[in-house]
Amino acid sequence: MIELAVLDMAGTTVDDGGRVYDALRQAVEETGATVAQKDLQDWMGTDKVTAIINLMQLGGVEPTDEAAQKQFLRFKQILSESYRAHPPIEIGGAAAMLRELQSRGIKVALTTGFDRDVVSPLLASLGWAVVGQEDAEQAVIVLDAVVTTDDVSAGRPAPYLVQRAMERTGTVDAHRVLVAGDTVVDVMAGRNAGAISCAVLTGGATRDVLRNASPHHILESVAEIPNLPATRPECSGTCNVDATFVPDNDYLLLTPGPLSTTKTVRAAMLRDWCTWDADYKQLTESVRSDLLALAQCGDDHSVILMQGSGTFAVESVIGSTLGMADQQRPGKLLVLANGAYGRRIAQIAAHLRIAHEIIDFGDLTPVNIETARQKLAEDHSFTHAAMVHCETTTGVLNPLREFCAMTREHDLTCIVDAMSSFGGVPMNVADLGIDFLISSANKCIQGVPGFGFVIARRDALENTAGRSTSLSLDLYDQWQGLENGHGKWRFTSPTHVVHSFAQALVELTAEGGVEVRHERYRSNQQRLIKRFHDAGLDAVIAPEAQSPIITAFGYPTPDFDFAAFYEDLKQEGFVIYPGKVSEVDTFRIGTIGEVYPDDVDRLADAVVAHRKW
Ligand SMILES: *Cc1c(COP(=O)(O)O)cnc(C)c1O
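Only a predicted model underlies this, so the values are computations on that prediction, with no experimental measurement involved.

Q: Quick question: what am I supposed to make of the side chain of serine 320 here?
A: Structurally, the position occupied by serine 320 is in helix H12 (residues 310-322). Among the polar contacts made by the side chain of serine 320, one reaches the main-chain carbonyl oxygen of leucine 473 at a distance of 3.4 Å. Ignoring sequence-local partners within four residues, the contact set of serine 320 consists of Glu315, Thr464, Arg467, Ser468, Leu473, Asp474 and Leu475.

Q: Looking at this model, I keep getting lost on the pairing of strand E18 (residues 413-417). Mind explaining?
A: The side chains of a regular strand alternate between the sheet's two faces. The element E18 is largely enclosed, with a buried count of 5 among its 5 residues. A two-sided burial pattern is seen for E18, the buried positions comprising Thr413, Ile415 and Asp417 on one face and Cys414 and Val416 on the other. Bridge count for strand E15 (residues 384-388) against E18 is 5 bridges, and the pairing is parallel. In the sheet register, methionine 387 faces E18, and the bridge partner there is valine 416. Relative to strand E19 (residues 436-440), E18 is paired through 3 bridges, and the arrangement is parallel. Looking across to E19, one finds that valine 416 is bridged to leucine 437.

Q: Would you take a moment to explain the sheet that holds strand E8 (residues 177-181) for this structure?
A: Hydrogen bonds along the backbone pair up the strands of a sheet, which may run parallel or antiparallel. Taken in spatial order, the 6 strands make up an open sheet running E7-E4-E1-E8-E9-E10, and their pairing is parallel. Each edge of the sheet is formed by a strand with only one pairing partner; in this case those strands are strand E7 (145-147) and strand E10 (217-219). For this sheet the average axis-to-axis angle between neighbouring strands, irrespective of direction, equals 20°. With 4 bridges connecting them, strand E1 (residues 4-8) and E8 associate as parallel partners. Across the sheet, residue alanine 5 finds its bridge partner in E8, namely leucine 178. Relative to the sheet, helix H8 (residues 184-192) contacts E1, E8 and strand E9 (196-200), its axis offset from that of E9 by approximately 170°.

Q: For this particular structure, what's the right way to read the site of the ligand?
A: In the region of the ligand, the neighbouring residues are Ser309, Gly310, Thr311, Tyr341, Arg344, Val388, Cys390, Thr392, Asp417, Met419, Ser420 and Lys443. With respect to the ligand, the side chain of serine 309 contributes an N or O atom lying 2.5 Å from an oxygen atom. One nitrogen or oxygen atom from the side chain of threonine 392 is found 2.5 Å from an oxygen atom belonging to the ligand. In isolation the ligand has 380 Å² of accessible area, and contact with the protein removes 85% of it. Of all the secondary structure elements, the ones that give two or more residues to the shell around the ligand are H12 and helix H13 (340-351). For the shell around the ligand, the per-class residue count stands at 4 nonpolar, 5 polar and 3 charged.

Q: Before we go on, may I ask you to explain the packing of aromatic side chains in this structure?
A: How two aromatic rings sit relative to each other is given by the distance of their centres and the angle of their planes. Under the defined criterion, the tally for this structure stands at 16 aromatic pairs. Seen in terms of ring centroids, phenylalanine 451 and phenylalanine 501 are 5.0 Å apart; in terms of plane orientation they differ by 75°. Their pairing is edge-to-face. Here phenylalanine 451 is found in strand E20 (residues 451-457), whereas its partner phenylalanine 501 is found in helix H19 (residues 495-511), with 50 residues between them in sequence. With relative accessibility at 0%, the residue phenylalanine 501 sits in the buried group. Taking the centre distance of 5.8 Å and the plane angle of 70° together, the rings of phenylalanine 565 and tryptophan 613 count as edge-to-face. On the criterion of sequence distance, the pair formed by phenylalanine 565 in helix H21 (residues 562-571) and tryptophan 613 in the segment after helix H22 (597-609) is long-range, its members being 48 residues apart. For tryptophan 613, a relative accessible area of 29% translates into the label partly exposed. The rings of Phe532, Phe553, Tyr555, Phe560, Phe562, Phe565, Tyr566, Phe587 and Trp613 are connected pair by pair, giving a single aromatic cluster. Over the face of the ring belonging to phenylalanine 382 we find lysine 332, whose NZ or CZ atom lies 4.7 Å from the ring centre. The ring of tyrosine 341 has lysine 443 lying over it, and the distance from NZ or CZ to the ring centre is 5.9 Å.

Q: I would appreciate a short explanation of the pattern of salt bridges in the present structure.
A: For side chains bearing opposite charge, pairing can occur when the charged atoms are close. Considering all chains together, one arrives at 32 salt bridges under this definition. The partner of arginine 288 in a salt bridge is glutamate 483, with the nearest N and O atoms 2.8 Å apart. Taken together, the positions of arginine 288 in helix H11 (residues 278-294) and glutamate 483 in helix H18 (residues 475-484) put the pair 195 residues apart, joining distant regions of the chain. Arginine 602 is paired through a salt bridge with aspartate 599; the nearest N and O atoms lie 2.9 Å apart. Residue arginine 602 and its partner aspartate 599 are located together in helix H22, separated by 3 residues, close to a single helical turn. Counted as one network, the salt bridges with shared partners bring together Glu285, Arg288, Arg458 and Glu483.

Q: So what exactly am I meant to see when it comes to unusual backbone geometry here?
A: It is generally the case that most residues other than glycine have a negative phi and that most peptide bonds are trans. Between arginine 156 and proline 157 the backbone carries a cis peptide bond, its omega angle lying at 10°. By secondary structure assignment, the location of proline 157 is in the loop between E7 and helix H7 (160-169). The residue after glycine 257, namely proline 258, is reached through a cis peptide bond having omega 0°. The phi angle at aspartate 411 is positive, at roughly 55°, despite the residue not being glycine. Within the element layout of this structure, aspartate 411 appears in the loop between helix H15 (400-409) and E18. Take aspartate 411: its relative accessible area is 68%, and that puts it in the exposed class. Phi is positive for histidine 486, which is not a glycine, with a value near 50°. With respect to the element layout, histidine 486 can be found in the loop between H18 and H19. On the accessibility criterion, histidine 486 (54% relative accessible area) is exposed.

Cut-offs and rules
- Residues numbered from 1 in each chain as written.
- Predicted model: local features only at pLDDT ≥ 70, side-chain atom pairs only at ≥ 80, totals over all residues.
- Heavy atoms only, no water.
- Helix = DSSP H or I, 4+ residues; strand = E, 2+ residues; numbered from the N terminus.
- Polar contact = N/O pair within 3.5 Å; in protein donor to acceptor, adjacent residues only side chain to side chain.
- Contact = heavy atoms within 4.5 Å.
- Buried < 20%, exposed > 50% of the residue type's maximum accessible area, 1.4 Å probe, protein only.
- Pairing = 2+ DSSP bridges.
- Axes fitted to C-alpha atoms, helices over the stretch in contact; angles between N-to-C directions.
- Near = heavy atom within 4 Å.
- Areas by Shrake-Rupley, 256 points an atom, 1.4 Å probe, with all protein chains shown as cover.
- Nonpolar A, V, L, I, M, F, W, Y, C, P; charged D, E, K, R; others polar.
- Phe/Tyr/Trp six-rings, centres within 6.5 Å; stacked < 30°, edge-to-face > 60°.
- Lys NZ or Arg CZ within 6 Å of the ring centre and 35° of its normal.
- Salt bridge = Lys/Arg side-chain N within 4 Å of Asp/Glu carboxyl O.

Shape is all these values report; function is a separate question.
The structure is reproduced here in structure tokens:
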């Protein structure tokens, strides 16, 4: 987490109604110079004597030191009169933001291109004071420092104001400082200081203008600062990642994972880490405990991270729970399938020579638990049952609660492939009674591919000791390695992937958690259904069975050319997904990842533009 937030005043935290601008303009124009709005904006953030000299020059008047000093006095005079008539106010949410940061233990400082003569009346009229000041006791906000141009040898874009704020608050590491301002020079000063530098749009400068200064974040206003991962107590060192040099993606992935990630998630991969030392083990342990909390589980459960893609984790669960059957420990798996991923579980069992049966419900409806119950009533040889929660083949959401209840009634070990739903659909793994839940890094947690994870009941895990016929996919050994080594992976771990996953977990919390993310995915999907329907494309799954994760659309006409459609959309910056259903021709659109309803609108516009039906 950051230690210090350094915020600009006018236009960023304080709205003075543009009176500083007016006063500066008037003071310069009194010399006969004409002041262009853009020049005024460019020079606003610097100390005012420098600003006056440059604006005089730009406005066609040769500046002298004497004239500049004289107009500086005029500027102060004009401004204080103007403030007396119209007291400044805080910019929406600034005071609440300052209080929130302070409550998290972050110090707050204001910096300004004004000098103390402007700042003192301004702060007093807001009821804000600096720590140690006489009026601090009655103040509504007590700032940890206020630094003005009087305190430094040069204003912005030099980093000195920020550095002086660091000095006053005893802050040493610039990576733990966040700077925010509304002008290009504010952003440059933050960058020059080596801090996390944010631009805000409340000062009038446009997004395009500010983007040129390469801020780490562009925010609507300072009210959004407490949402930034770096201001969150749970943020590890990796939050202070510099995403500025991370390239933009060439296209938006509308696929069910790997999916579009944030720049900060990708930036977390830009350094190398060793895989066994205390820092890294601690990172692994924090990832494991975060996943446990996301699953709403306590000490009865544990988390195992497993190298490889999601299927590796599924295979490790099937092989470790049902492998090496013998007289004492027989086992038979019932697989309920309604798509490619359900069938893959049966395929794994077949490869591992594990006794199993599959009930296949076709691709277009949810699995039917009643049918499974009948099967279990007739055949008592089953010990385990497995089902996919969100069947990514079509986007069908299967009845998880009913499935889990059925496994309990028949005393079966409950295995759920929640690969594409965990983190994007709220679920209480402990309450549901799931013994083994499987998901992976590159789905709804919005990390990059490289490992899967299993959330399992400890007593069910204990039963898997010695059952796996595979060394590398032995879930029990992997679990013991992590537990006994306090976060040590048995074999080389995907270090970069784990670091970016830790960042993705922080960003999930910052977004508001699984419920809020679920709402976003739902909004995406509802927008998609509506806009595509208007364009003549309809989902193959009934709305009540449809997940917010991915949607399968039927071809609009029998001669629909998917390859051409795919290429057209890719040219427009969207990558969609081919279909996988046997009964009907489909293609799929994922609505998970760093994707928002606006993106869905842009996609729908592109579809309409390229429509050939
Ligand atoms: C993505 C996914 C998997 C795993 O696929 P991999 O290609 O091995 O990562 C398994 N099950 C479901 C439901 C999935 O969506």
